[in-house]
Amino acid sequence: MNIDVKRISQYIYEIKENTDDIKSILEDFSPEEILNNKRILKALKFNLVEIAESISLTIQHILAKNYGIPVKGYIDTIKKAKEKNIIDESIYVSLKPFFDFRNILIHRYWEIDDSLLLKNVKENLESFYQFIETIREKFIK
């Protein structure tokens, strides 16, 4: 089976667009402004959910088409991506908290430490761009 390059390219576009939005939020607002403004914080969280969704769809497609491997949810997706060397250990470690966050947010487990989330976003924002480059280099030549 072959990877649908058009589909993967669309997912990558969505990841980049949402990552650029987060980067703009981080540049335009101080941490205090972000944490004290519900709309900005919700925008940040929504972008993160969109990124996790697009990364997951990218990986699921590659796992299915290249390896014939099904996945059982978001956490399984990122684990199998590391196991199959779709992503390396450093990207896995950087991205996994956002998959955990996505599950917490979507399933309405409201135990989210917004300060910790913001810290993780700042420290790992480049990992989203690294993911894009990794997928482009390995699968979209």
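Computed from a predicted structure; not experimentally measured.

(A) Up close: the nonpolar core. In terms of nonpolar packing, the biggest core is built from 42 residues, with L44, L48, I55 and F128 touching the most fellow members. For this core, the secondary-structure elements that each account for two or more residues are α1 (5-28), α3 (38-67), α4 (74-83), α5 (89-106) and α6 (114-139). Not counting residues up to four positions away in its chain, the partners in contact with I55 are I15, L95, F99, F128 and F131.

(B) Just the packing of aromatic side chains, in detail. Per the stated rule, a full pass over the model turns up zero aromatic pairs. Above the plane of the ring of Y92 lies K82, whose end atom (NZ or CZ) is 4.7 Å from the centre.

(C) Quick peek at unusual backbone geometry. We note that N85 has phi near 60°; this positive angle belongs to a residue other than glycine. Position of N85 among the secondary structure elements: in the loop between α4 and α5.

(D) Region of the structure containing the pattern of salt bridges. Inspection of the entire model under this criterion finds six salt bridges. Here K16 and D20 are joined by a salt bridge, their closest N and O atoms 2.7 Å apart. Taken together, the positions of K16 and D20, both in helix α1 and four residues apart, correspond to about one turn of that helix. A relative accessible area of 34% means that K16 is categorised as partly exposed.

(E) Broad picture of the packing of α1 against α6. One way to put it is that α1 packs onto α6 with a least axis distance of 10 Å and a crossing angle of 155°. One element, α1, and the other, α6, form an angle in the roughly antiparallel class. As for the relative orientation of α1 and α6, their crossing is left-handed in sense. Counted together, V5, I8, I12, I15, K16, T19, D20, I22, K23 and L26 of α1 and L118, V121, K122, L125, F128, Y129, F131, I132, I135, R136 and F139 of α6 form the full contact between these two elements. Partitioning the contact of α1 with α6 into residue classes produces 15 nonpolar, one polar and five charged.

Calculation rules
- Residues numbered from 1 in each chain as written.
- Predicted model: local features only at pLDDT ≥ 70, side-chain atom pairs only at ≥ 80, totals over all residues.
- Heavy atoms only, no water.
- Core = buried A, V, L, I, M, F, W, Y, C linked by side-chain atoms within 4.5 Å.
- Buried < 20%, exposed > 50% of the residue type's maximum accessible area, 1.4 Å probe, protein only.
- Helix = DSSP H or I, 4+ residues; strand = E, 2+ residues; numbered from the N terminus.
- Contact = heavy atoms within 4.5 Å.
- Phe/Tyr/Trp six-rings, centres within 6.5 Å; stacked < 30°, edge-to-face > 60°.
- Lys NZ or Arg CZ within 6 Å of the ring centre and 35° of its normal.
- Salt bridge = Lys/Arg side-chain N within 4 Å of Asp/Glu carboxyl O.
- Axes fitted to C-alpha atoms, helices over the stretch in contact; angles between N-to-C directions.
- Parallel < 35°, antiparallel > 145°, perpendicular 65-115°, else oblique.
- Left-handed = near helix turned anticlockwise from the far one by under 90°.
- Nonpolar A, V, L, I, M, F, W, Y, C, P; charged D, E, K, R; others polar.

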